[in-house]
Amino acid sequence: GENVEQHPSTLSVQEGDSAVIKCTYSDSASNYFPWYKQELGKRPQLIIDIRSNVGEKKDQRIAVTLNKTAKHFSLHITETQPEDSAVYFCAAIPNAGGTSYGKLTFGQGTILTVHP
Amino acid sequence: NAGVTQTPKFQVLKTGQSMTLQCAQDMNHEYMSWYRQDPGMGLRLIHYSVGAGITDQGEVPNGYNVSRSTTEDFPLRLLSAAPSQTSVYFCASRSGLIAGANVLTFGAGSRLTVL
């Protein structure tokens, strides 16, 4: 099955700095890669996603890049703010759009702390 | 439209006890699933369902049972609770069966402690 590795496990930045979280996946057939943000005590919520036919996607201060050849994808947060502090999870779905019914495999999570 | 509703929010069990975590969604989603969240291990899929009467195992199914008698409900049963099942459990659902076509929506979570 799919295996997703996420690094770093913790990340501490100063407000205004950029933050980058990286994930690698094992199944070359995976073609959908969402990122979830989980604030303390809350449920995970989708913040951005990317499909394998796209190399980069941006939404205001967040962006995701995908390198299919190397089988890795990254989340970039610019101009970080204290409210960006949360746990971030990457995920991958093998054969998305086929008959696997979207068994999302999550990375281990990154605890991001943004210091004012 | 309440989304995905989980009950209870908190539960303490003794080893060997059984219990059911309830999950209901009012969005007519075909796909429903259960994840457990443990520190440093991310979210791991326990069981999932693609429609009423259809369930399948995920990554960590041992010790858990599920059923899907209606589109709305997808309960998770712990048959004989063990301390290793101490975790936060999330139910999640999605419209449609094609992964990536629609967002996976999570419930608020259920924190289970097994003594």
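Since the structure is predicted, the reported quantities are computational estimates derived from the model, not experimental observations.

J.: I'm lost on the overall build of chain B in this one. Help?
T.: The secondary structure content of chain B amounts to zero helices and 11 strands. Counted from the first residue to the last, chain B has its helices and strands arranged as β-β-β-β-β-β-β-β-β-β-β. Taken over C-alpha atoms, the radius of gyration comes to 13 Å for chain B, in line with the 13 Å a tight globule of 115 residues would show. For chain B, the proportion of its 115 residues judged to be buried stands at 49%. A separation of at least 24 residues holds for 53% of the contacts in chain B among residues at least 6 apart in sequence. Split by element, the accessible area of chain B, about 5100 Å² in all, is 52% carbon and sulfur. Computed over 8 positive and 7 negative side-chain charges, the inter-centroid distance for chain B is 10 Å.

J.: What's the story with the pattern of salt bridges in this structure? I'm lost.
T.: Once the charged atoms of two side chains with opposite charge are near each other, the side chains can pair. In total, this model carries five salt bridges over all chains according to the counting rule given. The closest approach of N and O atoms between A:K57 and A:D49, which form a salt bridge, is 2.8 Å. On the accessibility criterion, A:D49 (13% relative accessible area) is buried. The residue B:R44 makes a salt bridge to B:D38 at a minimum N-O spacing of 2.8 Å. For the pair B:R44 and B:D38, a shared accessibility class is recorded, and that class is buried.

J.: In this structure, what is going on with the sheet that holds strand β3 (residues 19–25) of chain B? I would like to understand it.
T.: Adjacent strands of a sheet form backbone hydrogen bonds with each other and so pair up, either parallel or antiparallel. Residues and elements named next belong to chain B. Here four strands make up an open sheet; going across it, the order is β1-β3-β8-β7 and the pairing antiparallel. Among the strands making up the open sheet, the edge pair consists of β1 (4–7) and β7 (64–66). Across this sheet, the average inter-strand angle for adjacent strands is 20°, counted without regard to direction. Looking at chain direction, β1 and β3 are connected through four bridges and run antiparallel. Along β3, the bridge assignment pairs T7 with Q22.

J.: Help me understand the state of the cysteines in this model?
T.: Covalent bonding between the sulfur atoms of two cysteines is what defines a disulfide. Residues and elements named next belong to chain A. Throughout the structure, instances matching the rule amount to two disulfides over all chains. Across the disulfide from C23 sits C90; the S-S distance is 1.9 Å. One disulfide, between C23 and C90, carries an S-S torsion of -100° and so falls in the left-handed class. Linking C23 in strand β3 (residues 19–25) with C90 in strand β9 (residues 86–94), this pair joins segments that are 67 residues apart in sequence. Side by side, C23 and C90 carry an identical accessibility label, which is buried.

J.: Please clarify how the layout of surface pockets should be interpreted in this entry.
T.: Over the atoms a probe the size of a water molecule is rolled, and this reveals where empty space is left. Considered as a void within the structure, the largest pocket measures approximately 770 Å³ in volume. As for the largest pocket, its lining consists of 35 residues, of which A:Q38, A:G41, B:Q37, B:V88 and B:R111 are closest to the centre. Counting only elements with at least two residues in the lining of the largest pocket, the list comes to β9 and β11 (110–115) of chain A together with β4 (31–38), β9 (87–94) and β11 (110–114) of chain B. With four residues, the top contributor of residues to the lining of the largest pocket is β11(B). Class assignment for the residues of the lining of the largest pocket results in 13 nonpolar, 17 polar and five charged. There is about 340 Å³ of room inside the second largest pocket. The wall of the second largest pocket is formed by 18 residues, among which A:E2, A:L104, A:T105, A:F106 and B:E59 lie closest to the centre. Looking at the lining of the second largest pocket, the elements with two or more residues in it are β1 (4–7) and β10 (105–106) of chain A together with β5 (42–51) of chain B. At three residues, the largest contribution of residues to the lining of the second largest pocket is made by β5(B). A class-by-class count of the residues in the lining of the second largest pocket yields seven nonpolar, six polar and five charged.

Reading the values: rules and limits
Residues numbered from 1 in each chain as written. Chains lettered and ligands numbered in written order. Predicted model: local features only at pLDDT ≥ 70, side-chain atom pairs only at ≥ 80, totals over all residues. Heavy atoms only, no water. Helix = DSSP H or I, 4+ residues; strand = E, 2+ residues; numbered from the N terminus. Rg over C-alpha atoms; globule rule 2.2 N^0.38 Å. Buried < 20%, exposed > 50% of the residue type's maximum accessible area, 1.4 Å probe, protein only. Contact = heavy atoms within 4.5 Å. Areas by Shrake-Rupley, 256 points an atom, 1.4 Å probe, with all protein chains shown as cover. Lys, Arg positive; Asp, Glu negative; His and termini not counted. Charge placed at Lys NZ, Arg CZ, Asp CG, Glu CD. Salt bridge = Lys/Arg side-chain N within 4 Å of Asp/Glu carboxyl O. Pairing = 2+ DSSP bridges. Axes fitted to C-alpha atoms, helices over the stretch in contact; angles between N-to-C directions. Disulfide = S-S within 2.5 Å. 1 Å grid on protein atoms, 1.4 Å probe; cavity = no way out; pocket = protein on both sides within 12 Å on 5 of 7 lines; lining within 4 Å. Points joined across faces, edges and corners; volume = space filled by probe spheres on them. Nonpolar A, V, L, I, M, F, W, Y, C, P; charged D, E, K, R; others polar.

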